[in-house]
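If you want the building blocks of each chain, they are given just below.
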Amino acid sequence: MSSAMPTLRDRQTASTREQILQVAMQQLGQGPRGTFSHESIANAAGMGARTVYRHFPDRASLLEALWARLREATQVSFPTAESDILPMARTVFREFDANELLVRAVLNSPAGIEVRERGGVEGRAAFEQSLAPLIDDLPEPRRAQIVAVFLAIYSAQFWDLLRERGRLSGPDAQEAVVWALDTLLRATKS
């Protein structure tokens, strides 16, 4: 049995959504110099603002779609096993560097709070799973503390702190996060 072909309307809807996301990515890529609003995206895309609002009713939904697109494109994810933590942290920080303007736009916007919260829920579950063999015998408050610290270090906010306040280069931030997580892993094991 073959699946039904998307209708012309479905293809047009998908094409319009894609165009909106491409323009939004370009505007975010302009950093603080650029504008980023439904109206500016609509203007740059040659469509009405109502069209942009129909696809993305608010700034949070637009940023969430952009963040999901970034995660998919860069394959940024959370570890599911202890052995994944260090190599994935290096990869995640490298991807934050490669997509710096979008990451900073999500970090520095009020709409980014909701996006980050959703990532926090996913991250907590992933670290609870990946650290389970090390922390299962610990009391609940200590397990929660350990998971929270790993999650905080394995984050765009920590990357931003290392880059901005710590004045580290991208590669130096990658090495710093791996060192910090490795140190925490060793401490958790002992």
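Everything below is about the structure shown above.
A brief look at the structure comes next. (Residues numbered from 1 in each chain as written. Predicted model: local features only at pLDDT ≥ 70, side-chain atom pairs only at ≥ 80, totals over all residues. Heavy atoms only, no water.)

## Some words on the packing of helix H8 (residues 140–153) against helix H10 (residues 170–189)
Consideration 1: At a minimum axis distance of 10 Å, the contact between H8 and H10 shows a crossing angle of 170 degrees. Accordingly, the angle class assigned to the pair H8 and H10 is roughly antiparallel. Only Val 177, Ala 180, Leu 181, Leu 184, Leu 185 and Thr 188 of H10 make contact with H8, whose side of the interface consists of Ile 146, Val 149, Phe 150 and Ile 153.
Consideration 2: Residue composition of the contact of H8 with H10, grouped by class: 9 nonpolar, 1 polar and no charged. (Axes fitted to C-alpha atoms, helices over the stretch in contact; angles between N-to-C directions. Helix = DSSP H or I, 4+ residues; strand = E, 2+ residues; numbered from the N terminus. Parallel < 35°, antiparallel > 145°, perpendicular 65-115°, else oblique. Contact = heavy atoms within 4.5 Å. Nonpolar A, V, L, I, M, F, W, Y, C, P; charged D, E, K, R; others polar.)

## Regarding the pattern of salt bridges
Pairing is possible between side chains of opposite charge, provided their charged atoms come close.
Consideration 1: The tally for this structure, following the rule as stated, stands at 8 salt bridges.
Consideration 2: The salt bridge partner of Lys 189 is Glu 82, with a shortest N-O separation of 2.7 Å. Separated by 107 residues along the polypeptide, Lys 189 in helix H10 and Glu 82 in helix H5 (residues 82–98) bring together distant segments of the chain.
Consideration 3: One salt-bridge network, held together by shared partners, links Glu 100, Arg 104, Asp 160 and Glu 164. (Salt bridge = Lys/Arg side-chain N within 4 Å of Asp/Glu carboxyl O.)

## A closer look at the nonpolar core
Consideration 1: Ranked by internal contacts, the top residues of the largest apolar core, which has 51 residues, are Leu 62, Leu 66, Phe 127, Leu 131 and Leu 181.
Consideration 2: No other element matches the 7 residues that H5 contributes to this core.
Consideration 3: Every residue in contact with Leu 181, bar those within four places of it in the chain, is listed here: Ile 85, Leu 86, Ala 89, Phe 150, Ile 153 and Tyr 154. (Core = buried A, V, L, I, M, F, W, Y, C linked by side-chain atoms within 4.5 Å. Buried < 20%, exposed > 50% of the residue type's maximum accessible area, 1.4 Å probe, protein only.)

## Remarks on the side chain of His 38
Consideration 1: In this fold, His 38 is placed in helix H2 (residues 38–45).
Consideration 2: With a relative accessible area of 6%, His 38 lands in the buried category.
Consideration 3: Within polar-contact distance, the side chain of His 38 engages the backbone oxygen of Phe 56 at 2.6 Å.
Consideration 4: The residues touching His 38, leaving out its near neighbours within four places in the chain, are Val 52, Tyr 53, Phe 56, Pro 57, Asp 58, Arg 59 and Leu 62. (Polar contact = N/O pair within 3.5 Å; in protein donor to acceptor, adjacent residues only side chain to side chain.)

Spatial relationships are all this shows, so hold off on functional conclusions.
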